[in-house]
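Letter by letter, the chains look like this.
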Amino acid sequence: MKSSIISILVFLVASIAFGQSPEERGLQIAKAAEKADLGFKSSIVELKMTLKNKNGQTSERSLSTRTLELTEDGDKSLIVFNSPKDVKGTSTLTFTHKVGSDDQWLYLPSIKRVKRISSNNKSGPFVGSEFAYEDLSSQEVEKYSYKFLEEKGSILVVEQDPVDPKSGYTRRIVSYNKDKGYRIEKVEFYDRKNALLKTLSYSDYKQYKNKFWRANVFKMVNHQSGKETILNFSDYNFDADLSEDDFSQVALQRAGN
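Calculation notes
Per chain, the residues get numbers from 1 upward, laid out in the order the sequence is written. Per-residue local features are limited, in this predicted model, to residues with pLDDT of at least 70; the limit for side-chain atom pairs, both in listing and counting, is 80 or more; totals at the level of whole chains, interfaces and linings are taken over all residues. Where side-chain values are given, they derive from all heavy atoms of the structure, hydrogens and water being excluded. Secondary structure follows DSSP: runs of H or I at least 4 residues long count as helices, runs of E at least 2 residues long count as strands, and numbering of each begins at the N terminus. The buried label applies to any residue whose accessible area, calculated with a 1.4 Å probe on protein chains only, is under 20% of its type's maximum; exposed applies above 50%, and partly exposed to all values in between. Contact criterion: two residues are considered in contact whenever any of their non-hydrogen atoms come within 4.5 Å of each other. Definition of a polar contact: a pair of N or O atoms within 3.5 Å, with one able to donate and the other able to accept a hydrogen when the atoms are protein atoms, and with sequence-neighbouring residues admitted only if both atoms are side-chain atoms. For this analysis, a salt bridge means a side-chain nitrogen from Lys or Arg found within 4 Å of a carboxyl oxygen belonging to Asp or Glu.

S.K.: Can you walk me through the environment of Asp 135 in this structure?
M.R.: Within the element layout of this structure, Asp 135 appears in the loop between strand E6 (113-116) and strand E7 (144-152). The class for Asp 135 is buried, based on a relative accessible area of 18%. Sequence separation of Asp 135 and Lys 122 is 13 residues, and the distance between their C-alpha atoms is 8.6 Å. If near-sequence neighbours (up to four positions away) are discounted, Asp 135 is found in contact with Glu 130, Tyr 169, Phe 189, Lys 198 and Met 220. At 2.8 Å, the side chain of Asp 135 forms a polar contact with the backbone nitrogen of Ala 132.

Following this line, the structure appears as structure tokens:
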């Protein structure tokens, strides 16, 4: 009797899943990923950025990132470069918004000025890396329309089309791991001509506070230029108790000095 009830439940769940449109299932997966990461409040992490040109030559930078989780709107983040000397003190402040263009500012210590980043320039390279300024924003569900593409074992593949017409991408193909808190394993970025531009791979994941998955390695490969940027994360701190005061333009300038 018990086994037949289980069979019926499995059938019902499968029927519901297959009854969804690709758009509905894609949105459902994105919401599940968002829900799985709710509640971290704030974090600080140290990074090493490795830039690699098409000839294989590399250069390194060190930086730190602070993030503040907000539920009523998108998250806020502050990135500060610590070395080498030519970029030390360069800082970026990002206010992600669920609806509309994000607010971003760049502090340049050489001229001691804060420069607002225009939404028209969001597809530009972030401090010479293969990451664009728009890649710094938090992953808010409202920023995309969705279409489920396929399921490969524990991996769910979803197409995400940016809502913002000023995005540098026509679409992103995102691979989620449903067995590991819907964490993202890979993102493929397509440019405005719908050609594959970049692939971002996440690896060496670690779970914090028995809930929050964080990859220790981000590898962004630009297929059109042959360049790469690798981010190595270390020393995640989820107990910093950051507040909105830590993410103001005053804080941006202070962090860069």
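S.K.: Whenever I open this one, the pattern of salt bridges confuses me. Can you help?
M.R.: Where side chains of opposite charge bring their charged atoms close, a pairing between them can arise. In total, this model carries 15 salt bridges according to the counting rule given. A salt bridge links Asp 103 to Arg 116; the nearest nitrogen and oxygen atoms lie 2.3 Å apart. Taken together, the positions of Asp 103 in strand E5 (residues 103-108) and Arg 116 in strand E6 put the pair 13 residues apart, joining distant regions of the chain. A relative accessible area of 48% means that Arg 116 is categorised as partly exposed.

Fair warning: the whole summary comes from geometry, so function is off the table for now.
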